[in-house]
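# Observations on the model geometry
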Amino acid sequence: MGSNQNLRELQWLLQMIKSESFNPQSISFYLSHRTSGCYQETENSVNINISEDSLSYFSNILSDLGTAKNIQSSLTNLEFHRVEWGLEQLVYLGILLQNSSNIKQLVFRLNRFNIECLSELCEVLKRNRVIKEIMISESGIGPVGAGLVASALKLNESLEELQIWEDSIGSKGAEELSKMIEVNSTLKLLTIFDSHPITAASLISAVLARNRAMEVHVWSGENGERSSKVVEFVPDNSTLRIYRLHLSGSVRVACSLGWNSTVKSLDMTGVRLKSRWAKEFRWVLEQNRSLKEVRLSKTSLKDKGVVYVAAGLFKNQCLESLYLDGNWFSGIGVEHLLCPLSRFSALQYQANITLKSVTFGGGKTRIGRDGLVSIMQMLTTNESVIKLGIYDDESLGADDFVKIFKSLERNATLRYLSLQGCRGVRGDVVLDTIMQTLQVNPWIEDIDLARTPLQNSGKADGIYQRLGQNGKTELETDTDLFKDMPLTEPKSCRVFFCGQEYAGKDLSLEITMSTLV
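For every chain, the first residue of the written sequence is number 1, and numbering continues from 1 along that sequence. Local features in this predicted model are restricted to residues whose pLDDT is 70 or higher, and side-chain atom pairs enter the listing and the counts only when it is 80 or higher, whereas totals over whole chains, interfaces and linings include all residues. Heavy atoms throughout the structure, all of them, feed into the side-chain values; hydrogens and water do not.

## Focus on the pairing of strand 16 (residues 387-391)
Judged by how many residues are buried, strand 16 sits mostly within the fold: four of five residues are covered. When DSSP locates at least two bridges between a pair of strands, those strands are taken to pair. A run of H or I in DSSP becomes a helix once it reaches four residues, and a run of E becomes a strand once it reaches two; helices and strands are each numbered from the N terminus. Sheet topology note: the strand 15 (residues 357-361)/strand 16 ladder contains five bridges and is parallel. Among the inter-strand pairings, Gly361 is bridged to a residue of strand 16, identified as Tyr391. Crossovers are marked right-handed if the path from the first strand over the helix to the second runs clockwise, as seen with the strands pointing away from the viewer. A crossover connection joins strand 15 to the parallel strand 16 through helix 13 (residues 368-381); in handedness this β-α-β unit is right-handed. Here strand 16 pairs with strand 17 (residues 416-418) via three bridges, running parallel. If you follow Leu388 over to strand 17, its bridge partner there is Leu417. In this fold, strand 16 hands off to helix 14 (residues 398-407), which returns the chain to strand 17; that crossover is right-handed. Burial status follows relative accessibility: with a 1.4 Å probe on protein chains alone, a residue under 20% of its type maximum counts as buried, one over 50% as exposed, and anything between as partly exposed.

## Digging into the pattern of salt bridges
A side-chain nitrogen of Lys or Arg and a carboxyl oxygen of Asp or Glu constitute a salt bridge if their distance falls within 4 Å. Taken as a whole and assessed by the stated rule, the structure comprises 15 salt bridges. Between Glu409 and Lys406 there is a salt bridge, and its shortest N-O distance comes to 3.9 Å. For Glu409, a relative accessible area of 28% translates into the label partly exposed.

## Considerations on unusual backbone geometry
Positive phi is not limited to glycine here, since Leu110 has a value of about 55°. For Leu110, the location among the structural elements is in the loop between strand 5 (105-109) and helix 5 (115-127). Here Ser300, not a glycine, exhibits a phi torsion of approximately 65°, which is positive. Looking at the element boundaries, Ser300 is found in the loop between strand 13 (293-295) and helix 11 (303-313).

The structure is reproduced here in structure tokens:
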């Protein structure tokens with residue numbers, strides 16, 4: 001606001017409203033001020049102060065704005081601060097909104113509505129075809145008010161952004177808004193701040209189940225705690241990030257993802273999950289055709305939960321990256337997780353061929369003997385995984401990692417191996433084995449040994465140097481190998497039929513070029 005010397009009388013404002021030269025784009029009302037007056041903040045914006053002893057001016061100004069043709073065409077933004085609405089004033093506001101052709105934004109901060117006034121406002125919203133954004137902040141609308149707003153937006157076909165901040169709409173209000181989302185396809189942005197995080201589950205579930213391209217942000221600050229985000233969905237990058245959610249809410253979100261086609265990346269890092277959630281998520285993996293990346297790091301999943309996730313991988317045909325590090329499962333979980341990525345006979349097909357990156361491990365993950373055997377089996381037979389991560393493992397020793405690298409000698413698919421934080425990656429035997437593996441396997445492009453004893457001791461430098469040489473050799477092969485060789489006309493070609501062991505690998509067929517001609 002400006003200084004008192006820049007304030008003009010409200011009577012002057014009423015006269016200016018009737019003047020054709022007065023064409024503001026933004027008008028902000030501030031009630032409960034000590035002094036009344038108006039201040040033209042910029043050429044296109046006006047702030048209006050109304051004290052308690054001048055409340056009659058509020059109705060007069062709204063009434064005159066609703067009939068001023070020049071203002072109806074220029075006005076785009078309306079803000080109301082600390083207004084305690086009466087029915088008469090709401091009627092005047094309704095006339096203004098009905099007659100104005102360009103009002104795009106409507107903001108209510110610290111307002112007070114009774115049920116009658118809220119109903120009147122929502123009736124206006126039902127008919128309005130112009131407003132694009134509504135923000136209601138700290139106005140105490142509660143679950144009933146949220147229900148009224150939801151009923152209006154079931155019919156409104158113009159609103160694109162709705163924000164409700166610190167109004168405690170609760171689970172009932174959230175359920176009403178979720179029903180609105182099932183009907184309304186024009187809303188593009190929904191932002192909710194509520195004291196109860198329970199509101200997030202129903203809202204985001206409705207958005208996902210109906211495949212709405214709606215950006216969603218739900219915040220919560222329970223019992224005076226610092227506000228934090230609960231759920232975030234950004235359709236532009238197709239990412240759903242869940243920061244915290246109770247178990248039943250997580251299950252509900254999982255169910256809504258089954259036939260969803262808008263989410264490509266699901267991140268639930270740090271959300272505590274149980275086997276009940278994993279059981280529903282198995283069905284998601286079997287049915288969903290859009291998920292490309294799933295992050296379930298540090299979600300407290302145990303063996304039973306991982307078994308459900310692994311079962312879903314058998315039928316999944318789209319998921320490319322799965323992060324399960326920082327969980328609580330054992331070698332049994334590892335065995336089931338890697339089963340769809342492995343073959344157990346020469347005649348068996350690999351169940352899942354779309355997953356390219358998988359990560360597990362952690363201080364509470366006990367890979368053990370069963371898990372080690374499963375890792376070796378997967379590395380020996382897998383033909384699709386490009387990146388494997390085993391993080392912060394404390395259960396495998398140096399001899400176990402020697403066996404893992406020996407298994408890599410027969411793998412022509414894996415490009416990136418991360419063993420960051422694994423205590424068993426130590427000693428000269430492991431170092432020598434890695435160097436031998438890199439001599440036999442030229443396909444490995446990167447080995448991440450961050451925070452391992454091998455790197456901490458400075459012995460990993462030779463590995464990184466060798467990896468760099470492999471990359472350089474590969475580059476030179478691609479560009480320089482045939483540079484100076486003479487070109488000759490081929491006279492014949494040889495075709496080799498290659499396949500699994502004992503399946504005709506030794507059979508070759510020679511065809512002369514004259515025969516082909």
